[in-house]
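Summary of structural features
Listed here are the chains, written in short residue letters.
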Amino acid sequence: MKNTAFKIYACFVLSAAAIAVILLIINFFALAVVATDTENIYENSPRRELNMISDSLTVDDSGKVSADASLVSPDCWCIFIDESGEVVWSCNMPEDIPTHYTVMDIASMTRWFLNDYPVYVNTEDHGLLVLGYPKNSVGKYSTEYSMQWFSDLPWRLLTVLLINAALAAIIAFIIGTGLYRQLRLMVKGIINLKEEKPVKLKERGIFGEIARNLNNTSAAIERKNNLLKKRDNARSEWVSCISHDIRTPLSVILGNAEAMSENDALNEEERKRADIIKRQSIKIKKLVEDLNLMSSLEYDMQPFRKKKIRLCSLIRRTVSDIINAGLDDKYSVEFISECEEAFVLGDESLLERAFFNIISNSISHNKEGCSIVIKAHTNKLGNMVEINIWDNGSGVDQDVLENIEKIPKTKHGLGLPMAYKIINAHGGSLHAENNNGFRVYITLPSDI
Amino acid sequence: MKELLNKNILLVDDEKEILKLLEESLFKEGFYHIFTAENCSRALKLASQRNIALFVLDVSLPDGNGFSLYEDIREFSDAPVIFLTARGEAEDRLRGLELGADDYIVKPFLTREFVLRVKGLLKRTYQTEPVQSGFDLPDRRVSFETASVICGDDEIRLTAKELILIKRLYENKNKIVTNDDLCLAAWGDDYYGYASTLMVHIRHIREKLELNPSKPSHIITVKGIGYKLVI
């Protein structure tokens, strides 16, 4: 964001300065070109008109002066004053214009106004040609500059340019800061949007439109999430209901099959069949239990009963339960504990289930037997417990490893994915691979 | 055992088939005084009329639930209770056990398991087990009463901790008892850190019990997990 701010400022300041300079230069030339507008009053500029009249000026033999009166624009007037100060030729001359001029009159007139008429004067061979414009039609002012001014002009222009550029930069900086602030709010909004936090921006300013859209998007995401959550809840509840409803009829099937399989009145063939029903019912029972647990884990709705657990004790208990349940001698399980003091915060029965599933997986995948080793130690920082479980068996199918994060097809069972989910739900990680047998690497945050 | 078979048992479940199943399985084992009820009111009526020794209660019943029925029963009877439920969720299980239920069976279940639990609970409640006085090894006898190992004419004394450990191993004979379990038995809740002390005690026990203590044949080490008494 800092970088962005810098970019915004740099861009703003530089472009503002550039604009200021360009504008100044353009204005300078424009001013030079469009310095006066008096030519717009009539067809020609006064000076040009005067020159034209001057050109048409004729003096006949008797010394009479005359000019082409049609050259004088309407509302304007024109007179010729001879050397003695008498008006000897005139055109449209207003009444308030004197017909005789003294030297003083001439001098004051040449400051451009005669009786408030703006006048233009041309010096001819025998007198002055005066062109008068209507009153209040033209303003005149004079400027004076020292020669020094002209020689300094390049420097002065440069200074003006620089000051203007600096001023423009400062203004741009202030405007840019405002813009940057608003932009930062937008960026913050987008970050919140990404993290699915609620976004409520003020819908004002240049980014009002963007802010409104961000707010709408945020609201839409929230709505969707709520819907998803509702759906997940419903699905989880549905699975729970189904598994509940299956249990009672399954008990009846199981119980009757069990009774039949032990009924001496039936022949052996029939008892065997009943036994098959019994065993398959037990399979369904396990599936139903797993499904229910899996579904609540899937939607993070497990009623977690977290408590401080001594991890090594839990692993020992799990292993001894597996062996005590009648593990064949062709399997061996060894536990190397290097972190007796390690505690984790978790749900005891779930964690037991995870380790049970992993060890059971090794046993069920190696019918000829194998030796299983479990090793637990804390990491260097002491904030994680690492548990490695490996066997020297034949490993598992590649798609078991690939699908460990998903609810698998029934072919492979729920064991490992369930372990994966349980470990994840405890804020840990589980990685499995085939490497001279099956290996599982687990980390769990240790509770200090 | 005979007197246990004469105890009155009340089964409460809204599913007739299940009641029939439970009744038959207990009947086959020799229990002849079995009463069944399909709802709370009938169950309470029966319970007040008969001297029921064991209750088996389904959690979901048409006119209430097993938990409230349990509390009603506790008003007048201290007999053990087994909850039967189709809800396997931990919440339910814990609620049942928190209430003071003696056992908890999740449907579906094997009737054999059910019968075993009923018998076990009756035994625990109404039969005082004869105190084990010790056990015999091929060449010597371990006596709990005198806290000693008798080998021919020799009598080797066992320390208090050794006796506790041997008893714990004997209660679970031929099964693994974890280090934690043994330490808990010998040193109580605050057992952490006694692992090496446990090893020393086991060595001493082996010296007293085994023919060849360096190659033990009775007290077997299960590496990293615990010990097993093989007899």
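Refer to the preceding data block for the structure.
Residues numbered from 1 in each chain as written. Chains lettered and ligands numbered in written order. Predicted model: local features only at pLDDT ≥ 70, side-chain atom pairs only at ≥ 80, totals over all residues.

**Quick notes on the overall build of chain A**
Filter applied, for reference: Under the DSSP-based scheme used, a helix requires at least four consecutive residues in state H or I and a strand at least two consecutive residues in state E, with every element numbered from the N terminus. Burial in this document is a count-based property: other C-beta atoms within 10 Å of a residue's C-beta are tallied, and the residue is buried at 20 or more, exposed at 12 or fewer, or partly exposed in between, with C-beta positions derived from the backbone. Here contacts are defined at the residue level, using C-beta atoms placed from the backbone and a cut-off of 7 Å between them.
When you go through chain A residue by residue, the secondary structure sums to 10 helices and 14 strands. Every one of the 448 residues in chain A was classed for burial, and the buried ones make up 25%. Across chain A, the fraction of contacts at a sequence separation of at least 24, relative to all contacts at a separation of at least 6, is 61%.

**Let's talk about the overall build of chain B**
In terms of helices and strands, chain B carries nine helices and 14 strands. When each of the 231 residues of chain B is scored for burial, the buried share is 29%. In chain B, once contacts between residues fewer than 6 apart in sequence are set aside, the share between residues at least 24 apart is 52%.

**Observations concerning the packing of helix H5 (residues 208–261) of chain A against helix H2 (residues 16–28) of chain B**
Inclusion rule: Axes here refer to lines fitted to C-alpha atoms; in helices the fit is confined to the stretch in contact. Angles between the N-to-C directions go from 0 to 180 degrees. Crossing handedness follows the turn of the near helix against the far one: under a right angle anticlockwise gives a left-handed crossing, and clockwise gives a right-handed one. Polar here means any residue other than Ala, Val, Leu, Ile, Met, Phe, Trp, Tyr, Cys and Pro, which are nonpolar, and Asp, Glu, Lys and Arg, which are charged; Gly is therefore polar.
H2(B) packs onto H5(A) with a crossing angle of 35° between their chain directions and a minimal axis gap of 9 Å. Read as a crossing pair, H5(A) and H2(B) show a hand that is left-handed. Residues Thr248(A), Ser251(A), Val252(A), Gly255(A), Asn256(A) and Ala259(A) of H5(A) form the contact with H2(B), whose own contacting residues are Glu17(B), Ile18(B), Leu21(B) and Glu24(B). Grouping the amino acids of the contact of H5(A) with H2(B) by side-chain chemistry returns four nonpolar, four polar and two charged.

**A few points about unusual backbone geometry**
Look at the link from Lys107(B) to Pro108(B): it is a cis peptide, with omega at -5°. When you line up the elements, Pro108(B) lands in the loop between strand S7 (103–106) and helix H6 (111–126). Its identity is not glycine, yet Glu196(A) carries a phi of approximately 60°, on the positive side. The topology assignment puts Glu196(A) in the loop between helix H4 (147–194) and H5. Phi is positive for Ala147(B), close to 55°, though the residue is something other than glycine. When you line up the elements, Ala147(B) lands in the loop between strand S9 (141–143) and strand S10 (148–151).

**Brief notes about the pairing of strand S2 (residues 34–37) of chain B**
Selection rule: Any two strands are treated as partners once DSSP identifies two or more bridges connecting them.
Relative to S2(B), strand S1 (residues 8–12) of chain B runs parallel, the two sharing four bridges. Considered in S2(B), the bridge of Val12(B) is made with Ala37(B).

**A few points about the sheet that holds strand S3 (residues 77–82) of chain A**
Residue and element names in this part refer to chain A. Read across the sheet, five strands follow the order S4-S3-S7-S6-S5 without closing on themselves; strand pairing throughout is antiparallel. In this open sheet, the two strands that pair with only one neighbour each are strand S4 (87–91) and strand S5 (113–114). Sheet topology places S3 next to S4; four bridges connect them, and they run antiparallel. Residue Ile81 lies in a different strand from S4, and its bridge partner there is Val87. Of the strands in this sheet, S3, strand S6 (117–123) and strand S7 (127–132) are in contact with helix H2 (residues 46–56), which crosses S7 at around 135°.

**A word on helix H9 (residues 195–209) of chain B**
Residue and element names in this part refer to chain B. Under the convention used in this document: Multiplying 1.5 Å by the helix residue count minus one yields the expected span of that helix. By construction, the arc corresponds to the directions joining the helix axis to the C-beta atoms.
Along its 15 residues, H9 runs 21 Å from first to last C-alpha, staying within 8% of the 21 Å computed at 1.5 Å per residue. Looking only at H9, the buried set comprises Leu198, Ile205 and Leu209. All buried residues of H9 lie within an arc of 30° about the axis, which places them on one face of the element. Residues of H9 that are exposed and point over 90 degrees away from its buried face: Ser196 and Val200. Taken together, the buried residues of H9 touch S9, S10, helix H7 (160–171), helix H8 (179–187) and strand S13 (219–222).

**Description of the interface of chain B and chain A**
Contacts between chain B and chain A engage 26 residues on the former and 30 residues on the latter. The set of elements that each furnish at least two residues to the side of chain B that touches chain A consists of H2, helix H5 (90–99), H6, strand S12 (176–178) and H8 of chain B. Considering each element in turn, the side of chain B that touches chain A owes the most residues, four residues, to H2(B). For the side of chain B that touches chain A, the residue count by class is 10 nonpolar, six polar and 10 charged.

**So, helix H4 (residues 66–74) of chain B**
All names here are of chain B. Those residues of H4 that sit buried are Gly66, Leu69 and Ile73. Buried residues along H4 cover an arc of 60° about the axis, so they all sit on one side. Along H4, exposed side chains directed more than 90 degrees from the buried face belong to Ser68 and Glu71.

**Comments concerning the sheet that holds strand S9 (residues 331–337) of chain A**
Residues and elements named next belong to chain A. Taken together, five strands build an open sheet; the order of strands is S9-S11-S12-S14-S13 and the sheet is mixed. The open sheet has two edge strands, S9 and strand S13 (429–434), and neither has a second partner. Within the sheet, the average angular offset between the axes of one strand and its neighbour, ignoring direction, is 10°. Pairing analysis gives seven bridges linking strand S11 (residues 370–378) to strand S12 (residues 384–391), with the strands arranged antiparallel. Along S12, the bridge assignment pairs Ile372 with Asp391. Lying on the sheet, helix H10 (residues 415–425) is in contact with S13 and strand S14 (438–445); it crosses S13 at an angle near 150°.

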